[in-house]
Amino acid sequence: MTESSNEADSPVSKFGAALYAGWVALVITGIVGGLGFAFQQPWLFPSIGPTIFIHTVTPTHDSARPWNTFVGHGIGDDCRSGDSAAHYG
(Lines give C-alpha, C1' and ligand atoms only; values in the text may rest on other atoms or scores of the structure.)
Protein backbone atom coordinates (compact mmCIF):
# COMPACT_ATOMS: atom_id res chain seq x y z
CA MET A 1 0.00 0.00 0.00
CA THR A 2 1.28 3.44 -0.80
CA GLU A 3 1.28 6.36 1.53
CA SER A 4 -1.03 8.42 -0.71
CA SER A 5 -3.83 5.84 -0.50
CA ASN A 6 -3.55 5.84 3.30
CA GLU A 7 -3.85 9.62 3.41
CA ALA A 8 -7.26 9.53 1.72
CA ASP A 9 -8.57 7.11 4.36
CA SER A 10 -6.94 8.79 7.35
CA PRO A 11 -9.11 9.95 10.26
CA VAL A 12 -7.98 13.54 9.65
CA SER A 13 -9.19 13.39 6.05
CA LYS A 14 -12.53 11.87 7.09
CA PHE A 15 -12.91 14.46 9.85
CA GLY A 16 -12.22 17.25 7.35
CA ALA A 17 -14.81 15.89 4.94
CA ALA A 18 -17.38 15.59 7.74
CA LEU A 19 -16.60 19.12 8.95
CA TYR A 20 -16.99 20.47 5.42
CA ALA A 21 -20.31 18.68 4.86
CA GLY A 22 -21.64 19.89 8.21
CA TRP A 23 -20.57 23.47 7.53
CA VAL A 24 -22.13 23.51 4.05
CA ALA A 25 -25.38 22.04 5.42
CA LEU A 26 -25.45 24.71 8.15
CA VAL A 27 -24.90 27.52 5.66
CA ILE A 28 -27.56 26.25 3.23
CA THR A 29 -30.09 25.75 6.04
CA GLY A 30 -29.29 29.25 7.31
CA ILE A 31 -29.81 30.77 3.88
CA VAL A 32 -33.15 28.99 3.41
CA GLY A 33 -34.24 29.96 6.94
CA GLY A 34 -33.16 33.57 6.36
CA LEU A 35 -35.18 33.74 3.14
CA GLY A 36 -38.19 32.31 4.94
CA PHE A 37 -37.80 34.85 7.72
CA ALA A 38 -37.36 37.74 5.26
CA PHE A 39 -40.46 36.81 3.27
CA GLN A 40 -42.47 35.69 6.32
CA GLN A 41 -43.02 32.26 4.72
CA PRO A 42 -42.07 28.86 6.18
CA TRP A 43 -39.40 27.72 3.72
CA LEU A 44 -37.89 25.19 6.15
CA PHE A 45 -40.04 22.14 5.46
CA PRO A 46 -39.29 18.63 6.77
CA SER A 47 -37.73 17.18 3.62
CA ILE A 48 -35.20 20.00 3.21
CA GLY A 49 -32.88 18.48 5.84
CA PRO A 50 -32.42 15.11 4.13
CA THR A 51 -32.10 16.86 0.77
CA ILE A 52 -29.32 19.10 2.05
CA PHE A 53 -27.64 16.06 3.62
CA ILE A 54 -27.65 14.13 0.34
CA HIS A 55 -26.33 17.09 -1.64
CA THR A 56 -23.50 17.85 0.81
CA VAL A 57 -22.35 14.34 1.75
CA THR A 58 -22.73 12.61 -1.64
CA PRO A 59 -22.75 15.39 -4.26
CA THR A 60 -21.67 13.10 -7.11
CA HIS A 61 -24.29 10.42 -6.46
CA ASP A 62 -27.28 10.13 -8.82
CA SER A 63 -29.71 10.91 -6.00
CA ALA A 64 -28.08 14.34 -5.60
CA ARG A 65 -28.93 15.46 -9.12
CA PRO A 66 -31.14 18.58 -9.24
CA TRP A 67 -33.68 16.75 -11.42
CA ASN A 68 -34.25 14.09 -8.76
CA THR A 69 -34.57 16.76 -6.08
CA PHE A 70 -37.18 18.81 -7.95
CA VAL A 71 -39.19 15.80 -9.08
CA GLY A 72 -39.11 14.23 -5.61
CA HIS A 73 -40.29 17.41 -3.92
CA GLY A 74 -42.90 17.91 -6.63
CA ILE A 75 -44.31 14.43 -6.03
CA GLY A 76 -44.38 15.10 -2.29
CA ASP A 77 -46.19 18.39 -2.86
CA ASP A 78 -48.74 16.74 -5.14
CA CYS A 79 -49.42 14.07 -2.52
CA ARG A 80 -49.84 16.74 0.16
CA SER A 81 -52.19 18.73 -2.06
CA GLY A 82 -54.25 15.65 -2.88
CA ASP A 83 -54.46 14.67 0.77
CA SER A 84 -55.58 18.18 1.77
CA ALA A 85 -58.21 18.22 -0.98
CA ALA A 86 -59.54 14.84 0.10
CA HIS A 87 -59.94 15.91 3.74
CA TYR A 88 -60.96 19.54 3.36
CA GLY A 89 -62.34 19.76 -0.16
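Above this text is the structure in question.
All of the points below concern the structure found in this document. Keep in mind that what you see is a predicted model, and the values were worked out from it rather than measured. (Residues numbered from 1 in each chain as written. Predicted model: local features only at pLDDT ≥ 70, side-chain atom pairs only at ≥ 80, totals over all residues. Heavy atoms only, no water.)

The subject of this paragraph is a nonpolar patch on the surface. A cluster of nonpolar side chains, namely Trp23, Leu26, Val27, Ile31, Leu35, Phe39 and Trp43, defines an oily patch on the protein surface of about 720 Å² accessible area. If you trace the backbone, Trp43 turns up in the loop between helix 2 (11-39) and helix 3 (48-57). Take Trp43: its relative accessible area is 35%, and that puts it in the partly exposed class. (Patch = residues over 30% accessible without salt bridge, like charges linked within 9 Å, V, L, I, M, F, W, Y side chains within 5 Å. Areas by Shrake-Rupley, 256 points an atom, 1.4 Å probe, with all protein chains shown as cover. Salt bridge = Lys/Arg side-chain N within 4 Å of Asp/Glu carboxyl O. Helix = DSSP H or I, 4+ residues; strand = E, 2+ residues; numbered from the N terminus. Buried < 20%, exposed > 50% of the residue type's maximum accessible area, 1.4 Å probe, protein only.)

Structurally, Thr69 can be placed in helix 4 (residues 66-88). Among residues more than four places away in sequence, those in contact with Thr69 are Thr51 and His55. A distance of 2.7 Å separates a polar atom in the side chain of Thr69 from a polar atom in the side chain of His55. (Contact = heavy atoms within 4.5 Å. Polar contact = N/O pair within 3.5 Å; in protein donor to acceptor, adjacent residues only side chain to side chain.)

Turning our eyes to something else, we now look at helix 2. Spanning 29 residues, helix 2 covers 42 Å between terminal C-alpha atoms, matching the ideal 42 Å at 1.5 Å per step. For helix 2, the complete set of buried residues consists of Ala21, Ala25, Val32 and Gly36. Residues of helix 2 that are buried in the fold lie against helix 3. Following helix 2 by one or two positions, Gln40 has its phi on the positive side, about 55°. (Expected span 1.5 Å × (residues − 1).)

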